[in-house]
Amino acid sequence: MAARSTRVLMSCSSPSLGVQPAAVNGWGAEGQCWELSAWMRKRKDANAALLSNFEVFQLLTDLKQQRKESGKSKQSSGQQNLNTIMYETMKYISKTPCRYQSPETVREFLIAMKGHKLTKAEKLQLLNHRPVTAVEIQLMVEESEERLTEEQIESLLQTVASILPGDPEEQQRDSAMETEGRSSQ
Amino acid sequence: MFVLVEMTDTVRIPPWQFERKLNESIAEELNKKLANKVVYNVGLCICLYDITKLEDSYIFPGDGASHTKVHFRYVVFHPFLDEILVGEIKSCSQDGVHVSIGFFDDIVIPPESLQQPAKFDEAEQVWVWEYETEEGAHDLYMDIGEEIRFRVVDETFVDTSPTGPSSAEASTSNATEEVQKKEAPYTLVGSISEPVLTGTGEETAKDWS
């Protein structure tokens, strides 16, 4: 890696970074109040990109792997917040349908969704929640009665169910019930 | 639910960490500063996504540490308006149902946004939704630990920075009063006043079809 270039300021003036110190309070998951003073952060773009649950799941899994590999070389006191938030977020996301997803399924899903004319937020919600009933679609898609006919809603449900993998146990149960039904006829 | 926020900050690396790779030190410092903390008008910061740009590091007189301006992207929990979320009921009180998502606890569903008609059962301290079908009235108890699907209706950011000396004087005069009530810096208001928003199973959907 290239040598870090550092410059020592010979002037006696205070660091002219052009920002003022501001105190920021934050809350930990346990409800403790953390207080810190920091140079004010400039927020460039509040919503640079929406992230799906699956992307965050991947990121946290990779981060956890990295930290495990690098060993316990970090002081635990500073990392406690990160550990807490990572654990809680992973616990929550692992209960959502995104744990069965992969980059290929997400890509397939988005390509299939192109024809349905849904907004980015609606596609994201479908991806995160994997609806199985028509009422759920009505919740997530705004004004679905006007924008989508019943057949479109059905086809949307079909696409979601076929492309996005669901709980494998449930799917086995459903297919078992189906074969039973067919054999009894 | 999650957004990527581009931010800029100056990171201070103390001299005893100079032997480590700069990127690693900076990532660790940023996570130490921001992870699990609420940034005003942005949201609850989760973890660092990546570092976009590192500017030159400076050492200032009197301080041996290096200061580096960093442009980076952070994963932030900030649900958009009208988003559907799934949470767990933490508690019920007169001012509504308190829901938690595990990593974020300050979600309230006020009584007006509950499925009407709803009443508060004082004995069990739970909200009850009485819905009527042809067979008669059924009571749906919103018990603690139950999964609930709700729509985000509003969000509030409160600046919890410490106040100046003038208000500190006023508070010392009320020293006998309890400790000042801690305000949550980021609260979400949810609503379940739509069909199929209570519960996440298919049973509720079948009731409505």
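Residues numbered from 1 in each chain as written. Chains lettered and ligands numbered in written order. Predicted model: local features only at pLDDT ≥ 70, side-chain atom pairs only at ≥ 80, totals over all residues. Heavy atoms only, no water.

Here we take up the overall build of chain A. Within chain A one finds 8 helices and 4 strands. In chain A, the order of α-helices and β-strands from amino to carboxyl end is β-β-β-β-α-α-α-α-α-α-α-α. Sorting the 185 residues of chain A into buried and exposed places 34% on the buried side. For chain A, long-range pairs separated by at least 24 residues make up 55% of all intrachain contacts whose partners lie at least 6 apart in sequence. Here chain A displays about 11,700 Å² of accessible surface, and carbon together with sulfur accounts for 52% of that area. (Helix = DSSP H or I, 4+ residues; strand = E, 2+ residues; numbered from the N terminus. Buried < 20%, exposed > 50% of the residue type's maximum accessible area, 1.4 Å probe, protein only. Contact = heavy atoms within 4.5 Å. Areas by Shrake-Rupley, 256 points an atom, 1.4 Å probe, with all protein chains shown as cover.)

Time to look at the nonpolar core. Among the nonpolar cores identified, the biggest contains 82 residues, and Phe2, Tyr74, Phe77, Val97 and Phe103 of chain B are the most heavily contacted of them. Considering each element in turn, this core owes the most residues, 7 residues, to strand S1 (residues 2–13) of chain B. (Core = buried A, V, L, I, M, F, W, Y, C linked by side-chain atoms within 4.5 Å.)

With that out of the way, let us pick up helix H1 (residues 22–34) of chain B. The end-to-end C-alpha separation of H1 of chain B is 18 Å, in line with the 18 Å expected for 13 residues at 1.5 Å each. Looking at H1 of chain B, one finds that the buried residues are Leu22, Ser25, Ile26, Glu28, Glu29, Leu30, Asn31, Lys33 and Leu34 of chain B. (Expected span 1.5 Å × (residues − 1).)

Let's shift gears to the UniProt feature "domain: RNA polymerase Rpb7-like N-terminal" (unreviewed entry) in chain B. In this structure's numbering, the residues bearing the UniProt feature "domain: RNA polymerase Rpb7-like N-terminal" (unreviewed entry) are residues 8–64 of chain B. A helix fraction of 23% and a strand fraction of 44% characterise residues 8–64 of chain B, whose end C-alpha atoms lie 22 Å from each other. (UniProt positions renumbered as here; feature names shortened; annotations may be inferred.)

Residue and element names in this part refer to chain B. The sheet built from 5 strands closes into a barrel, its strands ordered S5-S6-S7-S12-S11 with mixed pairing. In this sheet, adjacent strand axes meet at a mean angle of 50° when their direction is disregarded. Note that strand S6 (residues 96–100) and strand S7 (residues 107–109) share 3 bridges and pair antiparallel. Within the sheet, the bridge partner assigned to His98 lies in S7 and is Val108. (Pairing = 2+ DSSP bridges. Axes fitted to C-alpha atoms, helices over the stretch in contact; angles between N-to-C directions.)

Its place among the elements puts Glu29 of chain B in helix H1. Every residue in contact with Glu29 of chain B, bar those within four places of it in the chain, is listed here: Val11, Arg12 and Ile13 of chain B.

All names here are of chain A. Mean pLDDT over chain A works out to 71, with 61% of the residues at or above the 70 mark. Of all the helices and strands in chain A, strand S3 (residues 33–39) carries the lowest mean pLDDT, 29, while helix H1 (residues 53–70) carries the highest, 89. pLDDT under 50 marks residues 1–43. Its contacts with residues more than four places away, or in other chains, come to 91 contacts. (pLDDT = per-residue confidence, 0-100.)

Here we come to the packing of helix H3 (residues 103–113) of chain A against helix H4 (residues 120–129) of chain A. Residues and elements named next belong to chain A. Where H3 meets H4, the closest approach of the two axes is 11 Å, and the angle between their N-to-C directions is 135°. It follows that H3 is oblique to H4 by the angle criterion. Between H3 and H4 lies a crossing whose hand is right-handed. Across the interface between the two elements, Val106, Phe109, Leu110 and Met113 from H3 touch Lys123, Leu126 and Leu127 from H4. Here the contact of H3 with H4 is built from residues that sort into 6 nonpolar, no polar and 1 charged. (Parallel < 35°, antiparallel > 145°, perpendicular 65-115°, else oblique. Left-handed = near helix turned anticlockwise from the far one by under 90°. Nonpolar A, V, L, I, M, F, W, Y, C, P; charged D, E, K, R; others polar.)

Attention shifts here to the packing of H3 of chain A against helix H7 (residues 150–163) of chain A. Residue and element names in this part refer to chain A. Close contact between H3 and H7 brings their axes to 10 Å; oriented N to C, the two are set at 165°. Viewed along their axes, H3 and H7 adopt a mutual orientation that is roughly antiparallel. Classified by chirality, the crossing of H7 by H3 is right-handed. On the side of H3, the interface is formed by Thr105, Glu108, Phe109, Ala112 and Met113, while H7 contributes Leu156, Thr159, Val160 and Ile163. Looking at the contact of H3 with H7 residue by residue, the classes come out as 6 nonpolar, 2 polar and 1 charged.

Attention shifts here to the packing of aromatic side chains. In this description, an aromatic ring pair is defined by two values, namely the gap between the centres and the angle between the planes. For the structure shown, the criterion picks out 10 aromatic pairs over all chains. Residues Phe72 of chain B and Tyr74 of chain B carry aromatic rings whose centres are separated by 6.1 Å and whose planes lie at 75° to one another, so their mutual orientation is edge-to-face. The exposure classification of Phe72 of chain B matches that of Tyr74 of chain B, with both residues buried. Seen in terms of ring centroids, Phe77 of chain B and Phe104 of chain B are 5.2 Å apart; in terms of plane orientation they differ by 50°. Their pairing is tilted. Placement of Phe77 of chain B in strand S4 (residues 66–77) and of Phe104 of chain B in the loop between S6 and S7 is noted, with a sequence separation of 27 residues between them. For the pair Phe77 of chain B and Phe104 of chain B, a shared accessibility class is recorded, and that class is buried. Here a set of aromatic residues connected by ring pairs shows up, and it is made of Tyr92 of chain A together with Phe2, Tyr40, Phe77, Phe103, Phe104, Phe157 and Tyr186 of chain B. (Phe/Tyr/Trp six-rings, centres within 6.5 Å; stacked < 30°, edge-to-face > 60°.)

Detailed conclusions should not be drawn from predicted coordinates in areas where pLDDT is low. Residues and elements named next belong to chain B. Counting all residues, the mean pLDDT for chain B is 82, and 83% of those residues have values of 70 or more. Scored below 50 in pLDDT, residues 200–209 shows 13 contacts in the model against residues more than four places distant or in partner chains. Predicted as a complex, the structure gets a pTM of 0.76 and an ipTM equal to 0.80.

Let us look at the side chain of Gln101 of chain A. Residues and elements named next belong to chain A. Following the sequence through the fold, Gln101 ends up in the loop between helix H2 (76–93) and H3. A distance of 3.0 Å separates a polar side-chain atom of Gln101 from the backbone oxygen of Leu127. If near-sequence neighbours (up to four positions away) are discounted, Gln101 is found in contact with Phe54, Val106, Leu127, Leu164 and Pro165. (Polar contact = N/O pair within 3.5 Å; in protein donor to acceptor, adjacent residues only side chain to side chain.)

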